[in-house]
Amino acid sequence: MADVNRGNRPLSPHLSIYRPQMTSILSIIHRITGVAMSLAALLITWWFLAAASGSEYFEFVDGLLTSWLGYLVLIGSLAAFWFHFFNGIRHLRWDMVVGLGLGESARSGWAALILSVVATVLTIILAL
C-alpha cells in the first residue's frame, strides 16, 4: 500500500533543479583533499624508503619527484594541505556553534579558499 504512486514521483532533490551551495562544494573538496594528502604521504614515504634503499634507487625516485610532473604533484599536495587546514578550522568553529548562518558560512568558505591560495603561494616563495 505504501508504493501506490512510487513510479510517478520525481527524485528529491532533483538534479536538474538543485543548485550546489558553497558548503556542499567545499565539503566535497575537503574530502578530496583529505584523500589527496594520504596519497602525498605515500609518495613521501616512498621517497624516504628509497633514501634508505640505496643511492641508485634514491636518485631514480628523487628524479621523479623533482621533475616538472613531480613538482606539480607536490604543489597540488601543498594546496590540498592548506585548504584542508583552513577548512578544518572552519569546521572547528562550526563545532563550537559559531558562524552557522548562511552569510557567515559563505564568507568563511571564501576565506578558506583565499587563505589556502595565499598560504600556498607564500610557502612556495619561502621554499625557493
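Up top is the structure these notes are about.
Residue indices begin from 1 for each chain and proceed along its sequence in written order. Per-residue local features of the predicted model are confined to residues with pLDDT of at least 70, and side-chain atom pairs are confined, for both listing and counting, to 80 or more; whole-chain, interface and lining totals are unaffected and use all residues. Values reported for side chains reflect all heavy atoms of the structure, with hydrogen atoms and water molecules removed beforehand.

J.: Kindly report on the packing of aromatic side chains, identifying the contributing residues and their values.
T.: Stacked, edge-to-face and tilted are the three classes for Phe, Tyr and Trp ring pairs, Trp counted by its six-membered ring, which pair at centre distances within 6.5 Å; planes under 30 degrees apart are stacked, over 60 edge-to-face, the rest tilted. Enumeration over the complete set of coordinates arrives at eight aromatic pairs. Where Trp-47 meets Phe-58, the ring centres are 5.6 Å apart and the plane angle is 50°; that geometry is what we call tilted. In this pair, Trp-47 sits in helix α1 (residues 22–53) while Phe-58 sits in helix α2 (residues 55–65), placing the two residues 11 residues apart along the sequence. Its relative accessible area of 24% is what places Phe-58 among the partly exposed residues. Chaining the aromatic ring pairs together yields one cluster made of Phe-81, Trp-82, Phe-85 and Phe-86. Comment: elements are numbered from the N terminus, with helices defined as DSSP H or I runs of at least four residues and strands as E runs of at least two. The classification of residues rests on relative accessible area computed with a 1.4 Å probe and restricted to protein chains. Under 20% of the type maximum is buried, over 50% is exposed, and intermediate values are partly exposed.

J.: How would you summarise the packing of α1 against α2 if you had to cite specific residues and measurements?
T.: Working convention: axes come from line fits to C-alpha atoms, limited for helices to the stretch in contact. Angles between N-to-C directions cover 0 to 180 degrees. Put simply, α1 and α2 touch, their axes get as near as 7 Å, and they point 150° apart. Compared by their axis directions, α1 and α2 come out roughly antiparallel. Remark: the crossing between α1 and α2 carries left-handed chirality. Every residue of α2 that contacts α1 at Leu-43, Trp-46, Trp-47, Ala-50, Ala-51 and Ser-53 is listed here: Tyr-57, Phe-58, Phe-60, Val-61, Asp-62, Leu-64 and Leu-65. Note that Gly is not counted as nonpolar here; it falls among the polar residues with everything else outside the nonpolar set of Ala, Val, Leu, Ile, Met, Phe, Trp, Tyr, Cys and Pro and the charged set of Asp, Glu, Lys and Arg. Residue composition of the contact of α1 with α2, by class: 11 nonpolar, one polar and one charged. The labels follow the angle: roughly parallel below 35 degrees, roughly antiparallel above 145, roughly perpendicular from 65 to 115, and oblique for the rest. Whether a crossing is left-handed or right-handed is set by the direction in which the near helix is turned from the far one by less than a right angle, anticlockwise for left-handed and clockwise for right-handed. We call two residues contacting when some pair of their heavy atoms lies within 4.5 Å.

J.: Give a detailed account of the side chain of His-30, specifying residues and quantitative values.
T.: Here His-30 lies in helix α1. Once you skip the residues sitting within four places of it in the chain, His-30 turns out to touch Phe-83, His-84, Asn-87 and Gly-88.

J.: Describe in detail the packing of α1 against helix α4 (residues 102–127), supporting the description with residues and values.
T.: The N-to-C vectors of α1 and α4 enclose an angle of 35°; their axes lie 9 Å apart at closest approach. Between α1 and α4 the crossing geometry is left-handed. Along its contact with α1, which presents Met-22, Thr-23 and Leu-26, the element α4 presents Ser-105, Ala-106, Gly-109, Trp-110 and Leu-113. Residue composition of the contact of α1 with α4, grouped by class: five nonpolar, three polar and no charged.

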